[in-house]
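Structure assessment
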Amino acid sequence: MISLPTHFTQTITGVHKEAGRLWLDSFHELIADCEARWLLKVLEPFPLSYNFVAPVALQDGRNAVLKLGVPGQDLQRELAAIRAFTGRGMVQLLDADEEKASCFWSASCQERHWTS
């Protein structure tokens, strides 16, 4: 089970108030949902600030990055920008959960390899 740093949980509740608390309460369910939906394994996260960002190992052996955040316009705008760039000069979107507006993952530096 992934343990979230105190500074991250304090930032989420400080910025997003009740919505942040509810998101944190459902965080482990969200991780399990992403792992089941996209057949991936979430690894230890990168240093966290306003979103949860972690390397993942896909079932087919590829590596990618999972990004989760409190649902809202910020992540919707970011997702729209990533789609508009279609991988030119930034990450390539592999899939997204529009309904939750809080879970999307994208390919990252392909020369980097993570262990699971």
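The rules behind the values
Residues numbered from 1 in each chain as written. Predicted model: local features only at pLDDT ≥ 70, side-chain atom pairs only at ≥ 80, totals over all residues. Heavy atoms only, no water. Helix = DSSP H or I, 4+ residues; strand = E, 2+ residues; numbered from the N terminus. Buried < 20%, exposed > 50% of the residue type's maximum accessible area, 1.4 Å probe, protein only. Contact = heavy atoms within 4.5 Å. Areas by Shrake-Rupley, 256 points an atom, 1.4 Å probe, with all protein chains shown as cover. pLDDT = per-residue confidence, 0-100. Expected span 1.5 Å × (residues − 1). Arc of directions from axis to C-beta. Salt bridge = Lys/Arg side-chain N within 4 Å of Asp/Glu carboxyl O. Phe/Tyr/Trp six-rings, centres within 6.5 Å; stacked < 30°, edge-to-face > 60°.

Within the chain, the secondary structure is distributed over 3 helices and 5 strands. Each helix and strand of the chain, placed in order from N terminus to C terminus, yields the pattern α-α-β-β-β-α-β-β. In the chain, buried positions account for 38% of the 116 residues. For the chain, long-range pairs separated by at least 24 residues make up 51% of all intrachain contacts whose partners lie at least 6 apart in sequence. Within the structure as shown, the chain displays about 7,000 Å² of accessible surface, and the carbon and sulfur contribution to it stands at 52%.

Structurally, Ile31 can be placed in helix α2 (residues 27-38). If sequence neighbours within four positions are ignored, Ile31 has contacts with Ile2, Val42, Phe52, Leu66 and Leu68.

Quick look at the confidence of the model for the chain now. For the chain, mean pLDDT is 84; residues scoring 70 or higher make up 84% of the total. By mean pLDDT, strand β5 (residues 103-107) is the weakest element of the chain at 60, and helix α1 (residues 6-25) is the strongest at 97. Here residues 109-116 scores under 50 on pLDDT; set against residues more than four positions off or in separate chains, the count is 14 contacts.

Along an α-helix, residues three or four apart share an orientation, since each turn contains 3.6 residues. Its 13 residues place the ends of helix α3 (residues 73-85) 18 Å apart at the C-alpha level, agreeing with the 18 Å of an ideal helix rising 1.5 Å per residue. What α3 keeps buried is the set Leu75, Leu79 and Ile82. For α3, the angular spread of the buried residues around the axis is 60°, confining them to a single face. Exposed and oriented more than 90 degrees from the buried face of α3 are Gln73, Asp74, Arg77 and Ala84. Just beyond α3, the residue with positive phi is Thr86, at close to 40°.

Time to look at the pattern of salt bridges. Applying the stated rule across the entire model yields 6 salt bridges. For Arg21, the salt bridge goes to Asp25, with nearest N and O atoms at 2.7 Å. Placement of both Arg21 and Asp25 in helix α1 is noted, with a separation of 4 residues, approximately one turn of the helix. Owing to a relative accessible area of 53%, Asp25 belongs among the exposed residues under this scheme. Asp60 is paired through a salt bridge with Arg62; the nearest N and O atoms lie 2.8 Å apart. Its relative accessible area of 44% is what places Arg62 among the partly exposed residues. One salt-bridge network, in which partners are shared between bridges, spans Glu18, Arg21 and Asp25.

Attention now goes to the packing of aromatic side chains. Both the distance between ring centres and the angle between the ring planes are used here to describe each pair of aromatic rings. All told, the structure shown has 3 aromatic pairs when counted by the stated rule. A ring pair is formed by Phe8 and Trp23, whose centres lie 6.4 Å apart and whose planes are at 70°; its orientation type is edge-to-face. By relative accessible area, which is 5% here, Trp23 ends up buried. Note on Trp23 and Phe27: the rings are 5.6 Å apart at their centroids and 65° apart in plane angle, and the pair reads as edge-to-face. A residue is classified by how much of its surface remains accessible, and Phe27, at 0% relative accessible area, is buried. Cluster of aromatic residues (ring-pair linked, three or more members): Phe8, Trp23, Phe27 and Phe52.

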